[in-house]
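# Observations on the model geometry
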Amino acid sequence: MKLEAICKETVHLAREVGAYMRREQSVVTAADVETKSLNSLVSHVDKEAERRLVLGLKNIYPDAGFIAEEGTGEPNKNGANWIVDPLDGTTNFLHGLPEYAVSIALHDGEKVIMGVVYEVGQNECYYAWKGGGAFCNDRPIRVSTNPHLSDSLLATGFPYYDFHKMEAYLNLLRECFQKTRGVRRWGSAAVDLAYVACGRFDGFFEYSLNPWDVAAGAHIVEEAGGKVRAFTPTNDPIFGREIIAYSSAIEEELVQLVTSHL
Ligand code: IPD
Ligand code: CA
Ligand code: CA
């Protein structure tokens, strides 16, 4: 099957599972919340959504293994893998906030070749496949063209369990407050990246992320004309637990700002 067709089927599946999550959000209660580790929450909704996604993705492209947050399926060591976060933004979801997403990427063993981020609360589905451009609800999207950091709106994820870079991170934030229009903490890295891809945010940075948080969104940013990198140029932004994403127009200023602290 062609990549474009795989992508369209994945969009359909993400929308279906997103509809399940939307229904569950109105009935989920504090009793449904489990704590996996410090501030890392999960409920039956994350697990059931992942079960449904893995079943569906096996039908779409059976040769790929799975790297999925809640541990469903087996990774394929030498070949293709689906990289799945069934519910990115679980804390928002469990607190009744609308910013959460389904995030699905396809990795061919060397690089990401397709990504889908469905922001459930906004009913906006972002997707891209290698060489095909990036879209939101079937309309083409591009990163921001604003060339000045001083006119930019940035996004980040605050540290919530890994505090070893706290001082440097807070110093970076202080400088961002002074040099940009502002910084948002949306609560879903997948949505942060989708918003960079469509130009709502000019840039995004965060550390201690997992591949399922960023693989799909990073691919969509690149297909929308933007760039992603790790803080250290030799590190990998998908598997290396640190990422900066941005439009090329503010590349120099933003990369210099972030890497001078982190
Ligand atoms: C989290 C969200 C959040 C980011 C965290 C992620 P989860 O994913 O993407 O924005 O700051 O680092 O772990 O736990 O909601 O799937
Ligand atoms: Ca996540
Ligand atoms: Ca998750």
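Just so you know, these numbers come straight off a predicted model, no measurement behind them.

### Examining helix α7 (residues 251-259)
- Here α7 has its buried residues at Leu254, Val255, Leu257 and Val258. Buried residues along α7 cover an arc of 160° about the axis, so they all sit on one side. Turned more than 90 degrees off the buried face of α7, the exposed positions are Glu252 and Gln256.
- Lining the buried residues of α7 we find β10 (153-156), α4 (166-179), β12 (203-207), β13 (226-229) and β14 (242-247).

### Digging into the sheet that holds β14
- As summarised here, the arrangement of the five strands in space is β11-β10-β12-β14-β13, forming an open sheet in which the pairing is mixed. The open sheet is flanked by β11 (182-184) and β13, the only strands paired with a single partner. In this sheet, adjacent strand axes meet at a mean angle of 20° when their direction is disregarded.
- Strand direction decides the pairing type here: β13 and β14, joined by four bridges, are antiparallel. Its bridge partner lying in β14, lysine 227 is registered against tyrosine 246.
- Helix-sheet contacts for helix α6 (residues 211-223) involve β13 and β14, and the interaxial angle to β13 is about 140°.

### Re α6
- Between its terminal C-alpha atoms α6 stretches 18 Å, which fits the 18 Å expected from 13 residues at 1.5 Å a residue.
- Those residues of α6 lying buried are Pro211, Trp212, Asp213, Val214, Ala215, Ala216, Gly217, Ala218, His219, Ile220, Val221 and Glu223.
- Immediately downstream of α6, the backbone of glycine 225 shows phi near 95°, a positive value.

### Side note on the site of ligand 1
- The environment of ligand 1 is made up of 14 residues, and the closest members are Asp88, Gly89, Thr90, Tyr160 and Glu206.
- Leucine 87 is positioned such that a nitrogen or oxygen atom in its backbone is 3.2 Å from an oxygen atom of ligand 1.
- Contacts to ligand 1 include arginine 185, whose side-chain N or O atom sits 3.0 Å from an oxygen atom.
- Considering ligand 1 on its own, with 370 Å² of exposed area, one finds that the protein chains cover 91% of that surface.

### Remarks on the UniProt feature "binding site: Mg(2+)" (unreviewed entry) in the protein
- Here the UniProt-annotated "binding site: Mg(2+)" (unreviewed entry) positions come out as Glu69, Asp85, Leu87, Asp88 and Asp213. The named residues occupy 145 residues along the chain; their greatest pairwise C-alpha distance, 9.6 Å, places them in one compact cluster.
- Mapped onto the fold, leucine 87 is located in strand β4 (residues 81-88).
- Discounting chain neighbours no more than four positions away, the residues touching leucine 87 are Met21, Val45, Asp46, Phe93, Tyr100 and Ala101.
- Mapping aspartate 88 onto the fold places it in strand β4.
- In contact with aspartate 88, other than residues within four places in its own chain, are Tyr100, Ala101, Ser188, Ala189, Ala190, Val191 and Asp213.
- At a separation of 2.7 Å, a polar atom in the side chain of aspartate 88 contacts the side chain of serine 188.

### Digging into the nonpolar core
- Counting 37 residues, the largest nonpolar core has Met21, Leu57 and Trp82 as its most contacted members.
- Contributions of two or more residues to this core are made by α1 (3-25), α2 (44-60), β3 (65-68), β4, α3 (90-94), β5 (101-107), β6 (112-119) and β7 (124-129).
- For this core, the leading source of residues is α1, giving eight residues.
- If sequence neighbours within four positions are ignored, leucine 57 has contacts with Thr10, Leu13, Phe66, Trp82, Val84 and Ile104.
- In terms of nonpolar packing, the next biggest core, distinct from the first, is built from 35 residues, Ile83, Val196, Phe204 and Ala245 among them.

Here is what the cut-offs are and how they apply
Residues numbered from 1 in each chain as written. Chains lettered and ligands numbered in written order. Predicted model: local features only at pLDDT ≥ 70, side-chain atom pairs only at ≥ 80, totals over all residues. Heavy atoms only, no water. Buried < 20%, exposed > 50% of the residue type's maximum accessible area, 1.4 Å probe, protein only. Helix = DSSP H or I, 4+ residues; strand = E, 2+ residues; numbered from the N terminus. Arc of directions from axis to C-beta. Contact = heavy atoms within 4.5 Å. Pairing = 2+ DSSP bridges. Axes fitted to C-alpha atoms, helices over the stretch in contact; angles between N-to-C directions. Expected span 1.5 Å × (residues − 1). Near = heavy atom within 4 Å. Polar contact = N/O pair within 3.5 Å; in protein donor to acceptor, adjacent residues only side chain to side chain. Areas by Shrake-Rupley, 256 points an atom, 1.4 Å probe, with all protein chains shown as cover. UniProt positions renumbered as here; feature names shortened; annotations may be inferred. Core = buried A, V, L, I, M, F, W, Y, C linked by side-chain atoms within 4.5 Å.

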